[in-house]
Amino acid sequence: MNDNGPRPATAKCPMREGDRNPFLGATAMKHISAPLLLSALSSVALGSTALAQGAPGPNDGDYALHGAGSTAIQPILDEEGDWIPPPFIAHYMPTGSGLGRQAWRNITNQFLLAGLANPFGTWNTVQYAFSESGTSASELTEYYTNVGPYGLKPIQVPKFVLPVAIAYNPHYATQGGIQYRFQVNPSFPASTTQINGIHVGGMRMPRQVYCRIFNGQITNWNDAALQMANGGMSLGDPVDANWTSVGVPIRLVGRLDRSGTTDIFTRALAAHCTGIPGNHYATNSEALPYDSSGPNFSSVRPDTPYSPASGVVPAGPVNMIGNQYFNTATGTILSVPGGSPSNPAAGANGTGLYLLANGSTAVAAAIAAAPDIGTTRRVNGKVGYIGADFIRNALSGNPTLFAAALNRPSAPTVWHLPSAASASAAFGTVAAPEADVSTGAFANYGTDPRSASRANPLSWVNVLSGLATSTAGYPITGSSQMLLHTCYKANNLPHIRTWLGYNVGTPDDRFTNPTTGLMALSNIGALPSSWQRAVNQTFLTNSTEVSNGQTLGALNLWMAAGGTAGHCFGMSTLPGASQPGM
């Protein structure tokens, strides 16, 4: 067999996942320089680290834009820094969406409050944040209380269309020096096993199957429902003599932090699994199903939603959280008091409880870890949810992280991988707030039938609430929001405008091209052209578009230089700053 390609379909030979090893160029093998740790979060330095004339800042002591938030889009942010010409410099703390929004709506250091060390030093403010969860009305009130008095207004705008992959490691067990790998039915077409010509797995999971897996009802990979979903072919390695009798336990992996990826995932399961008896997902949340009698992880991360004192409403009231977490510093699984272990005993089925990991990088590391349960026959079997920019084919993807192919009950024979194109299809034709659905031009000012407003940051996410019930494309898709301010320091403004501009196709399509663009190569969908126009005209331009007598630019939503331009004239300077604006 040729390791660089699939076996011919006519051979009909069982294929073990991971046998195919298509060429991944040097850029495709690039990884984030440091893992997320539990004691001190890693950072991402975007762009050149050399101080150049015209660089951003100074901000809290260094010449760079500062940001925090989502770990789901950490790989593509690292790539963006390389694709934007100098002297762009940005520092990013992948803290999880919840803490990112918290830092954005405050002007005091939020990392220390969460027990996290910042390798860049102490930041009092952030110029941007990322979150897959939309900011809430109460969080906006906090923004206006904490940041508003200095003359700034909030911006929340979708930047990425993010498919969340159901990810697994094809290496499920080791025995006697032999690696056992899941096999893929060779009759499956490349469109359901490859993204951009690279094999990414494609184990099939119909809605009934993934709902039952993530509700702890299917607990072994040899379950008949999985075999039936995959054309009647066993998923087990053909040389694994123990597959039929013991199989391998399904071990769920989820996020320990307040996570926007969890919000997209639980929103989908709440919508997709309502007909499944025993479904534990009642609503979307940054926390998985949990109750206060479950284990307490506050000793691992003080702002975790999995503690009795947490104010985060979980996705459901039935605890699905085990008392173990994956420690990336040691590559081991540790425990906290209370609750029950997520790890099964050797030879047993999965527990249906989530092993937790702090951030997407740790989720990827946990799934990719070597088999660790048992003695003679050691098994892994972990499966979790993660942004699709982490899977094998993506520019900064993990070569051992594969993705399931999902379908919809309305089209059971159509299978979708978490690709950029499939995510864009799921986004569909929904219109931006007060926008013409076809062009994105300013329209329906004050009369949008969805009660959506260009001037209301909540509207930019609220109009996308139906993505979980979309009838096209990959079914677990959401948006990743960039949280910004209207008024920036004069040195910061051109850099933050340039960064957002590339996502709306200006000055070129190096990010957005559907074939060669950074986003397509990272499994992340670009905003449709109508949304790109709406974003550009609202936040990057003092627009002259008019609707119902209202000039768009006069809403003062466009980003400007603090203290010198239009609606940012005469604003106050933040404590400790020498220039007005962020």
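Residues numbered from 1 in each chain as written. Predicted model: local features only at pLDDT ≥ 70, side-chain atom pairs only at ≥ 80, totals over all residues. Heavy atoms only, no water.

Participant: Quick one: what's the story with the sheet that holds strand S7 (residues 171-175), residue by residue and with numbers?
Facilitator: The strand order across the open sheet built from 3 strands is S8-S7-S17, with neighbouring strands paired in antiparallel fashion. Two strands bound the open sheet, and with one partner strand each, they are strand S8 (178-181) and strand S17 (377-379). In this sheet, neighbouring strand axes are inclined to one another by 25° on average, regardless of whether the strands run parallel or antiparallel. Bridge count for S7 against S8 is 4 bridges, and the pairing is antiparallel. The residue of S8 that forms the bridge with His171 is Arg181. (Pairing = 2+ DSSP bridges. Helix = DSSP H or I, 4+ residues; strand = E, 2+ residues; numbered from the N terminus. Axes fitted to C-alpha atoms, helices over the stretch in contact; angles between N-to-C directions.)

Participant: How would you sum up the environment of Thr122? Please name residues and give values.
Facilitator: By the element assignment, Thr122 lies in the loop between helix H2 (97-104) and strand S5 (128-131). Along the backbone, Thr122 and Thr274 are 152 residues apart, and their C-alpha atoms lie at a distance of 45 Å. Setting aside chain neighbours within four positions, we find Thr122 in contact with Asp60 and Asn109. (Contact = heavy atoms within 4.5 Å.)

Participant: Hey, could you go over the packing of helix H11 (residues 493-502) against helix H12 (residues 529-540) for me, with residue numbers and the actual values?
Facilitator: In the contact formed by H11 and H12, the axes pass within 10 Å of each other and the chain directions differ by 170°. As far as their axial angle goes, H12 and H11 are roughly antiparallel. Note on element contacts: H12 touches H11 through Val535, Phe539 and Leu540, opposite Arg497, Leu500 and Gly501. Looking at the contact of H11 with H12 residue by residue, the class counts come to 4 nonpolar, 1 polar and 1 charged. (Parallel < 35°, antiparallel > 145°, perpendicular 65-115°, else oblique. Nonpolar A, V, L, I, M, F, W, Y, C, P; charged D, E, K, R; others polar.)

Participant: Before we move on, can you summarise helix H7 (residues 260-272) with the specific residues and values?
Facilitator: Its 13 residues place the ends of H7 18 Å apart at the C-alpha level, agreeing with the 18 Å of an ideal helix rising 1.5 Å per residue. Of all the 13 residues making up H7, 11 are buried; the element is thus mostly covered by neighbouring parts of the structure. The N-cap of H7, judged by a side-chain oxygen 3.1 Å from the amide nitrogen of Thr261 a few residues on, is Ser259. (Expected span 1.5 Å × (residues − 1). Buried < 20%, exposed > 50% of the residue type's maximum accessible area, 1.4 Å probe, protein only. Polar contact = N/O pair within 3.5 Å; in protein donor to acceptor, adjacent residues only side chain to side chain.)

Participant: Give me unusual backbone geometry: which residues, what numbers.
Facilitator: A cis amide bond, omega 10°, links Pro86 with the succeeding residue Pro87. Mapped onto the fold, Pro87 is located in the loop between helix H1 (74-83) and strand S4 (89-93). Omega for the peptide link from Thr506 to Pro507 comes to 0°, which places this bond in the cis form. One non-glycine residue with positive phi stands out, namely Asn548, at about 50°. Mapped onto the elements of the fold, Asn548 is located in the loop between strand S23 (546-547) and strand S24 (550-551).

Participant: Mind laying out the pairing of strand S15 (residues 332-335), listing which residues take part and the relevant values?
Facilitator: Relative to S15, strand S14 (residues 321-327) is paired through 4 bridges, and the arrangement is antiparallel. Its bridge partner being in S15, Asn327 is matched across the sheet by Thr332. In this structure, the hairpin formed by S14 and S15 is closed by a connection of 4 residues, where Gly331 is found at a positive phi of approximately 70°.

Participant: Quick one: what's the story with the packing of aromatic side chains, residue by residue and with numbers?
Facilitator: Two measures describe an aromatic ring pair: the distance that separates the ring centres and the angle between the ring planes. Under the definition given, this model contains 28 aromatic pairs. Between Tyr128 and Trp499, the ring centres sit 4.8 Å apart and the planes meet at 80°, which makes this aromatic pair edge-to-face. With Tyr128 in strand S5 and Trp499 in helix H11, the pair connects residues that are 371 residues apart, well separated along the chain. Here the two residues Tyr128 and Trp499 agree in accessibility, since each one is buried. With a centroid separation of 6.0 Å and an interplanar angle of 75°, the aromatic rings of Tyr168 and Phe182 are classed as edge-to-face. Note that Tyr168 is positioned in strand S6 (residues 154-168) and Phe182 in the loop between S8 and strand S9 (183-184), a separation of 14 residues in sequence. With a relative accessible area of 0%, Tyr168 lands in the buried category. (Phe/Tyr/Trp six-rings, centres within 6.5 Å; stacked < 30°, edge-to-face > 60°.)

Participant: An account of the nonpolar core is requested, with residue identities and associated values reported.
Facilitator: Tyr128, Met205, Phe214, Trp221, Tyr354 and Trp499 are the most contacted members of the largest nonpolar core, which has 132 residues in total. For this core, the leading source of residues is S6, giving 8 residues. Setting aside residues up to four positions removed in sequence, Trp499 forms contacts with Leu46, Leu65, Leu77, Glu80, Ile84, Phe88, Ala90, Tyr128, Phe130, Lys159, Met482 and Phe511. Val363, Ala364, Ile367 and Leu401 belong to the second-largest nonpolar core, a separate cluster that totals 23 residues. (Core = buried A, V, L, I, M, F, W, Y, C linked by side-chain atoms within 4.5 Å.)

Participant: Talk me through the pattern of salt bridges; I want residue IDs and the actual numbers.
Facilitator: Summed over all chains, the structure comprises 14 salt bridges. Between Asp257 and Arg255 there is a salt bridge, and its shortest N-O distance comes to 2.7 Å. The exposure class assigned to Arg255 is buried, which follows from its relative accessible area of 1%. Each member of the salt-bridge network shares a partner with another, and the members are Arg101, Arg105, Glu139, Glu142 and Glu286. (Salt bridge = Lys/Arg side-chain N within 4 Å of Asp/Glu carboxyl O.)

Participant: Before we move on, could you go through the state of the cysteines and cite the residues and values that matter?
Facilitator: A complete count under the given rule lists 2 disulfides for this structure. With its sulfur 2.0 Å from that of its partner, Cys211 forms a disulfide with Cys273. Between Cys211 and Cys273 the disulfide shows an S-S torsion of about -85°. By sign, it is left-handed. Residue Cys211 is found in helix H4 (residues 207-213), and its partner Cys273 is found in the loop between H7 and S14; the two are separated by 62 residues along the sequence. One exposure class covers both Cys211 and Cys273, and it is buried. Paired through a disulfide, Cys487 and Cys568 show a sulfur-sulfur distance of 1.9 Å. Between Cys487 and Cys568 the sulfur-sulfur dihedral comes to about -85°; the bridge is accordingly left-handed. One end of the pair, Cys487, is in strand S22 (residues 487-488); the other, Cys568, is in the segment after strand S25 (560-561), and 81 residues separate them in sequence. (Disulfide = S-S within 2.5 Å.)

Participant: Quick one: what's the story with the environment of Gln532, residue by residue and with numbers?
Facilitator: In this fold, Gln532 is placed in helix H12. Remark: the alpha-carbon pair of Gln532 and Pro186, spanning 346 residues in sequence, is separated by 40 Å. For Gln532, the side chain forms a polar contact with the main-chain oxygen of Leu527, separated by 2.8 Å.

Participant: Could you give an account of the side chain of Arg255, naming the residues involved and the relevant values?
Facilitator: Of note, Arg255 is situated in strand S13 (residues 251-255). Among the polar contacts listed, one links the side chain of Arg255 to the side chain of Thr71, at a separation of 3.0 Å. Looking at Arg255, its side chain comes within polar contact range of the side chain of Ser259, at 3.2 Å.

Participant: Could you give me a rundown of the confidence of the model for the protein chain, with the residues and numbers involved?
Facilitator: When pLDDT is low, close inspection of the predicted coordinates is not appropriate. Here the protein chain averages 90 in pLDDT, and 92% of its residues register 70 or above. For residues 1-16, every residue scores under 50 in pLDDT, and the model assigns this stretch 34 contacts once sequence neighbours within four places are set aside. In the model, residues 18-40 has pLDDT below 50 throughout and makes 75 contacts with residues more than four positions away in sequence or in other chains. (pLDDT = per-residue confidence, 0-100.)

Participant: Help me get a handle on the layout of surface pockets, residues and values and all.
Facilitator: The computed volume of the largest pocket comes to approximately 490 Å³. Along its surface, the largest pocket is lined by 27 residues, and Ser133, Gly134, Asp263, Arg267 and Asn284 are the ones closest to its centre. Here the element with the most residues in the lining of the largest pocket is strand S21 (residues 477-485); it accounts for 4 residues. Tallied by class, the residues present in the lining of the largest pocket amount to 7 nonpolar, 13 polar and 7 charged. A volume near 280 Å³ is recorded for the second largest pocket. Around the second largest pocket, the lining comprises 21 residues; the ones closest to its centre are Ala420, Ala421, Ser424, Pro514 and Ala520. Mapped by element, the contributors of at least two residues to the lining of the second largest pocket are strand S10 (194-195) and helix H9 (420-427). A total of 3 residues in the lining of the second largest pocket trace back to one element, the largest contributor, which is H9. When grouped by side-chain class, the residues that make up the lining of the second largest pocket number 11 nonpolar, 10 polar and no charged. (1 Å grid on protein atoms, 1.4 Å probe; cavity = no way out; pocket = protein on both sides within 12 Å on 5 of 7 lines; lining within 4 Å. Points joined across faces, edges and corners; volume = space filled by probe spheres on them.)

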